[in-house]
Amino acid sequence: MLFNLNDIQQRTASKTFDLGCELYASNSVSKLQIIDNQAIASVMGQYKYKVSLEKSPDGQCLASCTCPAADYQEICKHAVAVTLKVNSLSAAELEEVNANGTTQDNERNELIAWFLDKPGDELTNIIMGFLDGSEHEYDKWLMMMSSDKHAMGASELSKLITKALPKKPVWGWNEVSDYFTDADSLFEMIFPAIAKLPVEQQWQLNLKALVRLNDVLEEIDDSGGFRFEIEGQLNQNLGELFNQLSWSDEQKAQWIFEHFEDYKYDVFPSVPHDFDITPSVNALFLSLCATAIEKRLQTGVDFDDWRQKSALTRLTSVLIDQAQMQDDWQEQLRLIKLTAHDSDDYLKITALCKERNDLLDAEYYLKQAYQRANKPHEVLKCKRNEIEIRLELSEFKAAWAIAWQLFVDNPSFNGFKDLQALQQKTGVIDAEFTQKVEQLLLSLSDQKAQSNHGVHRFTNYPSELLDFYIDQHDIEKARSWAAKHKVKSSQLIKLADTILLQYPQESIGLYQKSISDMIEKTNNDAYREATNLLIKIEKNLKDAGADCTPLYNMITALIKDFKQKRNMMKLLREYFPECF
């Protein structure tokens, strides 16, 4: 590759890189020329920009672009698109690019000469005709003219922000894309102009733009994320400007607190994390949070109202983070207890006590969690926590008893494996463990799913039993079970892999059923999956020195059964031509 894409991705904002990928994928790169270590191209979006890339002696990509964003971005989205285009070319395509480049150069020179021959008034008419055809192109050049004559003031830029983000309902995908393409074009001019103003004005204009963006999104369905480049740049600008403001620490802390306590806007930087606040501001901010918590608790919090609980939890979260950084686990515990109300809350306290090996307190808070566990999944979480505590206390029989009852209530192959792992930790407590598992699964294998009022809620015991038999290397029972019950294709393949050398013909039959199911899906991914499986079977047979004839007979049968599946036949003809 001419340019190091990983290096470029690291030097580019993630959204800018993604937009560059979109431009490349939409074939927006044209007139590409490559000469030695330099690439030149045009990139077409709402406007056409000229991009130049050069590989420096140390291997770094140096980018330039005629777009306004290149004034403040090291690598813009247009440069990313050209990089992707260059790196995608084969050697033959590179030669063709160079040949076309010579032709394009000649055409360009001829066009320049033609323009130079035109009288000034005729050129002016050509330019104005072009600008009159595009409202945003007209606005862009009007702004360029204003910038040339005088630096644009805050008032003018404020009006331009409003113009770039007009309030109107936009719902269609293409319409929303066009809306933000136009907005992006104007903001590529607006951002550099704002950057020339004093810090306070920069802050106010970026904040105004972000508030405006929130307002217009109330009537725009931007599920496609077309706003992300503007949003990302505004968030970045606010974060960088915050510490440059001449406000006092108290004012900064108050602003951070107000925007942290309540979600004023849907689209906004993460507060306080995106603002890199100083330690002194952070201390004041945390103090404001602590005061707010006390006020809410004094006035009373309805913990059954998720809004009230969420607001209090949000305020305590930053104080908990601070206590965690200071390794003050008692303070963490105190803060978590302030908002503890339901079973999950007390399980969090239990986990914190376990981390600190305070097992007596962990037991105490687990009891609190049990008392508040009103739903089956909450009781299940409590029991799993209790198993861990019993293990920590070396109460192995108690841990095993709880775990076994959980398995009885909800038997599964994964549950069996969990019990196996527990047995390795505790030593063998029940010597008849595997026999009991088998009997339990057998007794339930024909049971239909019962209602939520029933004890059991399982419908797939044949599959669970087959997994169990294969895991226990009980091949005869596994073969018998698979022959009598309907099980998943993945399990048939697993069984077939296990018995391939011992029972090759039976194994091939299991493979054939599974592969037929794959091909019946009628999509290329399934065809490739089936072909890869056949390739693996052939390799396994050859590695073991076994006869491949049953496999080839099976492939011949598949060809006969699925000859209408053309893409599948193409793959089989490529990898198993001898079967045709």
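Right above here is the structure, for reference.
If you're wondering where the values come from, they're calculated on a predicted model, not measured in any experiment. (Residues numbered from 1 in each chain as written. Predicted model: local features only at pLDDT ≥ 70, side-chain atom pairs only at ≥ 80, totals over all residues. Heavy atoms only, no water.)

1. Section: helix α11 (residues 249-261)
In an α-helix there are 3.6 residues to a turn, and that puts residues three or four apart on one side.
Then step 1. The end-to-end C-alpha distance of α11, which contains 13 residues, comes to 18 Å, matching closely the 18 Å that a straight helix rising 1.5 Å per residue would cover.
Then step 2. Every buried residue of α11 is listed here: Lys 252, Ala 253, Trp 255, Ile 256, Phe 257, His 259 and Phe 260.
Then step 3. On its buried side, α11 packs onto α9 (199-217), α10 (228-242), α12 (279-299) and α13 (306-325). (Helix = DSSP H or I, 4+ residues; strand = E, 2+ residues; numbered from the N terminus. Expected span 1.5 Å × (residues − 1). Buried < 20%, exposed > 50% of the residue type's maximum accessible area, 1.4 Å probe, protein only. Contact = heavy atoms within 4.5 Å.)

2. Brief notes about the sheet that holds strand β4 (residues 61-65)
Then step 1. The antiparallel open sheet is built from four strands, whose spatial order is β1-β2-β3-β4. This sheet does not close on itself; its edge strands, each paired only once, are β1 (29-35) and β4. Within the sheet, the average angular offset between the axes of one strand and its neighbour, ignoring direction, is 15°.
Then step 2. Both strand β3 (residues 48-55) and β4 contribute to a ladder of five bridges, which runs antiparallel. Among the inter-strand pairings, Val 51 is bridged to a residue of β4, identified as Cys 65. (Pairing = 2+ DSSP bridges. Axes fitted to C-alpha atoms, helices over the stretch in contact; angles between N-to-C directions.)

3. So, the packing of aromatic side chains
Then step 1. Going through the model one piece at a time under the given rule, you end up with 24 aromatic pairs.
Then step 2. Arranged with centres 6.2 Å apart and planes meeting at 85°, the rings of Phe 242 and Trp 247 form a pair that is edge-to-face.
Then step 3. Consider the rings of Tyr 346 and Tyr 365, whose centres lie 6.5 Å apart with planes at 25°: the pair is stacked. Placement of the pair is Tyr 346 in helix α15 (residues 343-355) and Tyr 365 in helix α16 (residues 359-372), with a sequence separation of 19 residues. As far as the burial class goes, Tyr 346 and Tyr 365 line up, both buried.
Then step 4. Grouped by ring-pair contacts, the aromatic residues Trp 400, Trp 404, Phe 407, Phe 413, Phe 416, Phe 433, Phe 468, Tyr 469 and Trp 481 constitute a single cluster.
Then step 5. In this arrangement the basic side chain of Lys 252 is found over the ring face of Phe 242, its NZ or CZ atom lying 5.9 Å from the centre.
Then step 6. Cation over ring: Arg 573 sits above Phe 580, and NZ or CZ is 4.2 Å from the ring centre. (Phe/Tyr/Trp six-rings, centres within 6.5 Å; stacked < 30°, edge-to-face > 60°. Lys NZ or Arg CZ within 6 Å of the ring centre and 35° of its normal.)

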